[in-house]
Amino acid sequence: MSYLTDGHPTTITFNALGSGVTLLAKEISVTPPGIEGGGSNDTTTMRNTTWRTKQPKQLLELTDGTLEFQYDPAVYDQILTIINENDLIEVSFPDGSTLDFYGWLNNFTPGAHVEGEMPTATGTIHCSNQDNSGNEVAPDYTAAA
């Protein structure tokens, strides 16, 4: 087992761009999706005497991921190709492991352009957990070789 000691380099690949096509952007920061249990189901009844009771929900959620990146203005054409297009997305971690999941780029928001500073943009990735045929697909983690 090896723990990450540095976030560099963490990258994101959008398969909706096509095989071998790289987004015209360079990651500055990446927040991979998280996993959420969805809270609790209240199981309290009139037979409870002191405590409200709860149980965990059955379904899980892969939470949104975000990224900040430097970009080539030509990325606008690519964004129009992948925004709201459900497809496989891959997060590559610094140790060589990967997390593949279905989702889409929900937004592309350029930051202010200021003299003396590198222009950046941000994006949010929504996780769908289903392929384009509507089949439920869990995220797939692959350990580093």
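Residues numbered from 1 in each chain as written. Predicted model: local features only at pLDDT ≥ 70, side-chain atom pairs only at ≥ 80, totals over all residues. Heavy atoms only, no water.

Engineer: Looking at this structure, I do not really get the overall build of the protein. What am I missing?
Structural biologist: Within the protein, the secondary structure is distributed over one helix and eleven strands. In sequence order, the protein lays out its α and β elements as β-β-β-β-β-β-β-α-β-β-β-β. By the compact-globule yardstick of 15 Å for 145 residues, the protein is too spread out, its C-alpha radius of gyration being 19 Å. The 145 residues of the protein split such that 28% are buried. Expressed as a percentage of contacts within the protein between residues at least 6 apart in sequence, the contacts between residues at least 24 apart total 66%. Here the protein displays about 9,800 Å² of accessible surface, and carbon together with sulfur accounts for 51% of that area. (Helix = DSSP H or I, 4+ residues; strand = E, 2+ residues; numbered from the N terminus. Rg over C-alpha atoms; globule rule 2.2 N^0.38 Å. Buried < 20%, exposed > 50% of the residue type's maximum accessible area, 1.4 Å probe, protein only. Contact = heavy atoms within 4.5 Å. Areas by Shrake-Rupley, 256 points an atom, 1.4 Å probe, with all protein chains shown as cover.)

Engineer: I keep staring at the side chain of T124 and nothing clicks. Help me out?
Structural biologist: In this fold, T124 is placed in strand β10 (residues 120–127). Residue T124 is classed as buried on the basis of its relative accessible area, which comes to 18%. If we ignore the near neighbours within four places in the chain, the residues touching T124 are D64, G65, T66, W104, L105, N106 and N107.

Engineer: What should I look at first to understand the nonpolar core in this one?
Structural biologist: Taken as a class, soluble globular proteins show a tendency for nonpolar side chains to be buried jointly. In this structure, I12, F14, L23, F101 and I125 are the most contacted members of the largest nonpolar core, which totals 23 residues. Taken together, the elements giving at least two residues each to this core come down to β1 (11–14), β2 (25–31), β7 (65–71), α1 (75–82), β8 (87–92), β9 (98–110) and β10. Per-element tally for this core: the top contributor is β9, with four residues. The residues contacting I125, other than those within four sequence positions of it, are I12, F14, D64, G65, L67, I89, F101, W104 and L105. (Core = buried A, V, L, I, M, F, W, Y, C linked by side-chain atoms within 4.5 Å.)

Engineer: I tried to follow the packing of aromatic side chains on my own but got confused; where do I start?
Structural biologist: The relation between two aromatic rings is expressed through the spacing of the ring centres and the mutual angle of the planes. Summed over all chains, the structure comprises three aromatic pairs. Between Y71 and F108 the ring centres are 5.7 Å apart and the planes differ by 85 degrees, which places this aromatic pair in the edge-to-face class. Note that Y71 is positioned in strand β7 and F108 in strand β9, a separation of 37 residues in sequence. Here Y71 matches F108 in class, with each residue buried. Both rings, one in Y76 and one in F108, keep their centres 5.1 Å apart while their planes meet at 85 degrees; by these two values the pair is edge-to-face. Of the two residues, Y76 is situated in helix α1 and F108 in strand β9; the sequence distance between them amounts to 32 residues. With a relative accessible area of 41%, Y76 lands in the partly exposed category. Cluster of aromatic residues (ring-pair linked, three or more members): F69, Y71, Y76 and F108. (Phe/Tyr/Trp six-rings, centres within 6.5 Å; stacked < 30°, edge-to-face > 60°.)

Engineer: Whenever I open this one, the pairing of β1 confuses me. Can you help?
Structural biologist: Across a regular strand the side chains alternate sides, sitting on one face of the sheet and then on the other. The alternating pattern of β1 places I12 and F14 on a buried face and T11 and T13 on a face that is not buried. The sheet contact formed by β1 and β8 spans four bridges and is antiparallel. Bridge pairing links T11 to S92 in β8. (Pairing = 2+ DSSP bridges.)

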